[in-house]
Structure formats: C-alpha cells, structure tokens
Amino acid sequence: MKILHTADWHIGKKLDNYSRLEEQRLVLAEICQIAENENVDAIVVAGDLFDNFNPSSEATELLYSTLHRLSANGSRAVIAIAGNHDSPERIQVPDALAKVCGIIFVGFPNTEISQFCTQAKVDILRTAKGFIEIELPNTNFPLRILHTPYANEQRLKTFLGVEDSEEALRIHLQKHWQELADEYLNDAGFNLLMTHLFVMQKGGPMPEEPEEERPILHIGGAQAIYTENFPDKIHYVALGHLHRYQVVDKNPAPIIYSSSPLAYSFSEANQTKYVVLIEAEAGKLVSYRPIELTKGKKLRRKSFNDIDKAIEWLAEHSEDLIELTIISDNYLEASDKKRLNEAHPGIIQIIPQIKKSELSTANAEIDLSLSMEKLFQEYFKTKNKGQEPSEGLMEVFREVLGTEEEGITKKATSNPLEYLSLDVKVLNP
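Keep in mind that this is a model prediction, so the values were computed, not measured.

## Things to note about the pattern of salt bridges
Scanning the model with the defined rule gives 17 salt bridges in all. A salt bridge links Glu373 to Arg398, with the shortest nitrogen-to-oxygen separation between them at 3.1 Å. Of this pair, Glu373 sits in helix α9 (residues 372-383) while Arg398 sits in helix α10 (residues 391-403), and the two are 25 residues apart along the sequence. The partly exposed category is assigned to Glu373, whose relative accessible area is 26%. What you see here is one network of salt bridges that share partners, running through Lys2, Glu38 and Arg289.

## Remarks on the pairing of strand β18 (residues 299-304)
As judged from the six bridges shared by β18 and strand β19 (residues 321-328), these two strands associate in the parallel manner. Bridging from a neighbouring strand, Arg301 pairs with Glu323 of β19. A crossover connection joins β18 to the parallel β19 through helix α7 (residues 307-316); in handedness this β-α-β unit is right-handed.

## Details of the sheet that holds β19
Taken in spatial order, the three strands line up as β18-β19-β20 in an open sheet, and their pairing is parallel. Single-partner strands in this sheet number two, and they are β18 and β20 (347-354). Neighbour to neighbour, the strand axes of the sheet diverge by 15° on average, direction disregarded. Of the strands in this sheet, β18, β19 and β20 are in contact with α7, which crosses β19 at around 165°.

## What about the sheet that holds strand β16 (residues 273-281)?
Taken in spatial order, the six strands make up an open sheet running β6-β5-β4-β1-β16-β17, and their pairing is mixed. Whereas interior strands pair on both sides, the edge strands pair on one side only; in this sheet they are β6 (103-106) and β17 (284-293). On average, each strand axis in the sheet is inclined to that of its neighbour by 20°, with strand direction left out of account. Where strand β5 (residues 77-81) meets β6, four bridges bridge the pair, whose relative direction is parallel. Looking across to β6, one finds that Ala80 is bridged to Phe105. Against the sheet, helix α2 (residues 57-71) makes contact with β4 (42-46), β5 and β6, and its axis sits at roughly 130° relative to β6, the strand it touches most.

Conventions and cut-offs
- Residues numbered from 1 in each chain as written.
- Predicted model: local features only at pLDDT ≥ 70, side-chain atom pairs only at ≥ 80, totals over all residues.
- Heavy atoms only, no water.
- Salt bridge = Lys/Arg side-chain N within 4 Å of Asp/Glu carboxyl O.
- Helix = DSSP H or I, 4+ residues; strand = E, 2+ residues; numbered from the N terminus.
- Buried < 20%, exposed > 50% of the residue type's maximum accessible area, 1.4 Å probe, protein only.
- Pairing = 2+ DSSP bridges.
- Right-handed = clockwise from strand over helix to strand, strands pointing away.
- Axes fitted to C-alpha atoms, helices over the stretch in contact; angles between N-to-C directions.
- Contact = heavy atoms within 4.5 Å.

This is the structure in structure tokens:
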C-alpha cells in the first residue's frame, strides 16, 4: 500500500497583496503528478485546505478540482481534515458528492463518516467517531485512520465535551485515541493517525510556528500535544500545521509534519517543501520518503547597505519574491525606493533600517534662538537617537516653510516645540 501525506495547502493565501493562486495551481498539479507517478492508493491532507473561512470561488474550484484528480474517479481514497484556518462547516458541505469520488471530508472532531463504496471499490468497511477503516482496490489489507481535525474552544466543548483547562485536551485525546486503538487496531491492517495540532516531544524543544500562521498553542485549551500521547498501535502519524518538514519523533511511530507545498512567509525563505510517500504492509510501516516539490516561486530575504549592490543581487533572482532590508545612516530616499522597485517586479517589502548611532542626544536641550530649519533638525535628532533627517525630508520641510510662512511664524513664536513636534509626526509618521 502506498499513501501520500500532504498538508497546509492554504489555497487563496496571499503574500501581503501578492496572489499565490497561480503558484498553487502549479504545485498542486505537481502533487497530483507525484500521486499518479507513484501509483498511490490513498492521499491524506492534514488540514488548512483553505487560508480563511470564506475562500474565493477560484480557491474553492482549485481545491475541488485537485481532490477530484487525486481521487482518480473513485479508485483512490482521499481523506482531508479541517485545520485552524478552515471553516469545518464549509469543509463538510460537499460531503455527498465527494463520497462518489472516494473523497472523505472531516470538519469536526468526533465526526462519524457514514459507510459507502465507490464504483471503483473504495469501500468504507467500519466507522466510529474519529475512526474509519477503508478497503482499497489494489490492496489485500485495510487502511485504518484515526482522524482529529483542529479543535478550538467551542468545538472542544461541543464535540469533545472538554472544558478549557491546562491538561484537558491532551488527556482527552490520549484517552480517545487509545480507546479507538484498543477497539479497532491490530496488525491485520495499516494504522495511521492524522491530525492538525501543535505536537512536540515532552520536555523537548518547542517547534517554531511560521510568521503569519495563526498560533494554536494555548488557544481554547489546545496546548501542545506530546508524542507520548499517541497509541502504541499506530504505525504513522500524519501532522498538519507547522510548515517545515520535520520528524517530531519516531516513538511510538514516525510523527511527521509533511510541510506546506509553498513558502508562505519570509520566515520560510530557503526552505525546501515536500510531500511524504508512505509504503506500508499489514501491521507495519515499510518506509517513508519525503519527495521535494519544485513548483512555485522561491522566497528570499536579504540585507544591503548599498543600493547598487542590492540592484545587482535583484537581477540575479529575477523570478523570486523578495524582502529587502536597506541599512543606511538616514531614512530611505523615495528615489532609491523607486530604483529598487523598478529593478524587480517581485519585491514584496522594503524595510529601511537606520544604523545605530553611538551619539545620545535624548537629554540634549534645544536652543530656541536657532532658525526654524535648524530647530527642526535638532528636534528630529532628539527623537531619532541622534540621526540626521534626510535631505529629502528637509526639502519637504522647506516647502512647508515656504508655502505657510506667515502661519508658521505665528505658531513657532507662540510655542515652537509644539509646532515642531506636530511637523515631525506629519513628515515622518
């Protein structure tokens, strides 16, 4: 039996205002091609199918068309659970039509899937709350799956009967999984657990969640689940939520985050993305192998203190999406920002960073007998750790002085510091 493990598709997600939908089409087609090339028998998608509760029509169409292709007209089983970005109601809406193709959606904890059989003989043999046993067309032993979608506070109370306490979810899930394992799991089939939770080794380092990912740790009692909470009879644990491929533990079985198919934040820059191919026999895991995904744009972040060098580097990475940090003595000039944006269409963000000055003028007194321009420069330095205002900023200030000279004189004469404070906020918010 061959099973493909994938997760965290986040269909419809944008990088700031940059749409990733076309890249998602390419990488999801690549996942379908891997499933076809490897002739897999089942696919598990461990949550975060969409990026938000109300996906666009384009995102919805892409999900359904991808799952339909993966199902191979009902000859493969496809099991997809809700993650913390998904609306569980929306995930389960197409349930009746999906079953015809062997696609099983699980939106809520403790969902019990009704039995069915596709024309191509994907047959649901047994079901219980949080459990399914599937007979697949080209195998002589069943696939058993314990499935637990993401559970927020309301779902914990409604579907699991769990109150919001420090150990409640962990204790409940361990007991729930163990009861299902005792009742339904043995070595006559292959036993897989899939969930969308924050999982770590007890006492081990805490895995880092990616930037912009909604953290699920300690929300509604959904604290970290420990690897020791999984039953011994499980042969493989398919996880979703963390976007980097990682083997969290190998006891009681390989417990693996497959990774997202694309890098969705610059904290994931330079990460390689994967799906995991599982090969199984009755009663044991034969092997698991991460398969690299190659489609989609690379995310790169880089710091420069020279605009010309930054432009040279941008030319070398013309197909990537970029986060630039520009380090300088003064604030980034509009002309420099324009040069950078014209040099590369895929710049998502330019972050200006002022060099730290050893000068400290925080306690300096301002001489009110100075000219208005000099007063502005001195006041600016006190508010910006000794940094001089840029020439561009000074030009704007001089323009303000020239166009409202009479009003400025009156304001400056009555309360110059108050006026300068207002101008600093306007010119450099």
